[in-house]
Amino acid sequence: MTRSTHTLTLDQGALDIAVDVHGEQGHPFLLLHGGGGPQTVTPFAGLLAGQRPARVFTPVHPGFDGTVRPEWLTDVTTLAQVYAHLLDALGLEDVAVVGNSLGGWTAAELAAVGSDRISSVTLVNAVGIPVPGHPIADTFSLTPLELSRLSFHDPAKFRFDPGTLTDAQRAVMAANRTALLVYAGPHAMADPTLPERLAKVTHPVQVVWGASDQVVDADYGRAYAQAVPDAEFRLVEGTGHLPQSETPEKLLPILWDFADAHATGRPRH
């Protein structure tokens with residue numbers, strides 16, 4: 001893995017984006033992390049690059065992992081515009097975009113932006129739309145143990161003792177939480193205007209859902225797929241809100257086969 005920093009300039013201002021890259025050549029993937037931070041996708045990025053001809057780019061959302069979030073970056077729609085500019089800066093084409101949770105929301109917004117550098121989009125247990133009768137769990141009010149119970153099919157395998165964290169780790173987690181609160185916005189991790197934009201998406205989209213997710217349930221996922229024209233829905237049994245962490249061996253072929261089926265054949269860098 002290598003990390004580089006890219007300075008991007010949008011109409012709102014300039015910002016630096018830290019990007020980890022796994023793999024040296026192959027189909028480019030843009031892998032977007034959720035509210036738990038980049039560590040929730042880093043092992044999976046390495047697995048994908050190691051088992052398939054893939055080059056996986058995992059940017060750090062500004063404000064996470066000790067990075068700086070400019071004051072003007074306060075919503076996921078703008079974050080998606082940042083990543084559209086990042087694809088331009090990296091010169092990537094034929095990109096398979098994959099996002100989990102908050103990253104899935106960002107991937108959905110990126111699909112709505114409509115960059116011609118993107119060949120497919122996969123939303124993995126994404127948040128971002130309001131679905132009547134299927135509220136998104138208020139994760140900010142939960143203890144780590146309570147959140148784990150909602151997030152995993154088998155939470156016992158992912159139990160950790162918060163008392164083992166260093167002061168530095170606690171500081172990063174606190175900053176991550178602050179950034180997540182900003183991106184979550186005033187509507188509890190959802191944007192009421194997003195479904196209207198999703199209805200105009202033309203990229204191939206699949207929605208992948210861990211069947212045991214209690215943060216956002218499977219019917220929420222089905223509603224997400226219905227919001228996007230011709231989107232496919234895939235339910236994955238025996239996994240929860242973070243399939244890339246809990247059952248990566250199940251998620252990997254689903255992502256790869258979809259990305260490969262919709263590859264445009266343009267040059268890959």
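Structure's up top.
Notes on the structure in this doc start here.

Criteria and cut-off values
Residues numbered from 1 in each chain as written. Predicted model: local features only at pLDDT ≥ 70, side-chain atom pairs only at ≥ 80, totals over all residues. Heavy atoms only, no water. Buried < 20%, exposed > 50% of the residue type's maximum accessible area, 1.4 Å probe, protein only. Helix = DSSP H or I, 4+ residues; strand = E, 2+ residues; numbered from the N terminus. Pairing = 2+ DSSP bridges. Right-handed = clockwise from strand over helix to strand, strands pointing away. Phe/Tyr/Trp six-rings, centres within 6.5 Å; stacked < 30°, edge-to-face > 60°. Contact = heavy atoms within 4.5 Å. Core = buried A, V, L, I, M, F, W, Y, C linked by side-chain atoms within 4.5 Å. Salt bridge = Lys/Arg side-chain N within 4 Å of Asp/Glu carboxyl O.

With seven of seven residues buried, strand β6 (residues 118–124) lies mostly within the body of the structure. Pairing of strand β5 (residues 95–100) with β6, which is carried by six bridges, proceeds in the parallel orientation. Looking at β6, one finds that Val98 is bridged to Thr122. Once you follow β5 into helix α3 (residues 102–113) and on to β6, the crossover reads as right-handed. Pairing of β6 with strand β7 (residues 205–210) involves four bridges; the strand directions are parallel.

Right, let's get into unusual backbone geometry. At Asn125, a residue that is not glycine, the phi angle is positive and equals roughly 45°. Counting through the fold element by element, Asn125 comes out in the loop between β6 and α4 (144–151). The backbone of Ala188 sits at a positive phi, close to 55°, despite the residue not being glycine. Within the secondary structure layout, Ala188 lies in the loop between α5 (167–184) and α6 (194–198).

Below, the discussion takes up the packing of aromatic side chains. This structure, assessed with the given rule, holds five aromatic pairs. Ring geometry for Phe29 versus Trp256: centroids 6.0 Å apart, planes at 25°, classification stacked. Here the residue Phe29 occupies a position in strand β3 (residues 27–32), and Trp256 occupies one in helix α9 (residues 248–261), the gap between them amounting to 227 residues. When its relative accessible area of 2% is taken as the criterion, Phe29 is described as buried. When the centroid spacing of 6.0 Å and the interplanar angle of 70° are considered together, the rings of Tyr220 and Tyr224 count as edge-to-face. Here Tyr224 and Tyr220 lie together in helix α7 (residues 218–227), a separation of four residues that amounts to about one turn. Taken together, Trp209, Tyr220 and Tyr224 form an aromatic cluster joined through their ring pairs.

Attention now goes to the side chain of Ser120. With respect to the element layout, Ser120 can be found in strand β6. When its relative accessible area of 1% is taken as the criterion, Ser120 is described as buried. The contacts of Ser120, once residues within four sequence positions are left out, are Val95, Ala96, Val97, Pro204, Phe258, Ala259 and His262.

This part is about the nonpolar core. Counting residues in each nonpolar core, the largest one holds 58 residues, and the members touching the most others are Leu30, Tyr83, Val97, Leu123, Leu198, Tyr220 and Tyr224. A per-element tally of this core places helix α2 (residues 76–90) first, with eight residues. Apart from residues lying up to four places away in sequence, Leu198 is in contact with Ala108, Ile129, Tyr224, Ala227, Val228 and Pro229. The next biggest cluster of nonpolar side chains, apart from the first, holds 20 residues, and it includes Val98, Val236, Leu251 and Ile254.

Attention now goes to the pattern of salt bridges. Overall, the coordinates contain seven salt bridges when judged by the stated rule. Asp154 is paired through a salt bridge with Lys157; the nearest N and O atoms lie 4.0 Å apart. By relative accessible area, Lys157 is classed as exposed at 65%. Where Asp191 meets Arg197, a salt bridge forms, and the shortest distance between an N and an O atom there is 3.2 Å. Looking at Asp191, the relative accessible area reads 16%, which means it is buried. One salt-bridge network, held together by shared partners, links Arg3, Asp20 and Asp65.

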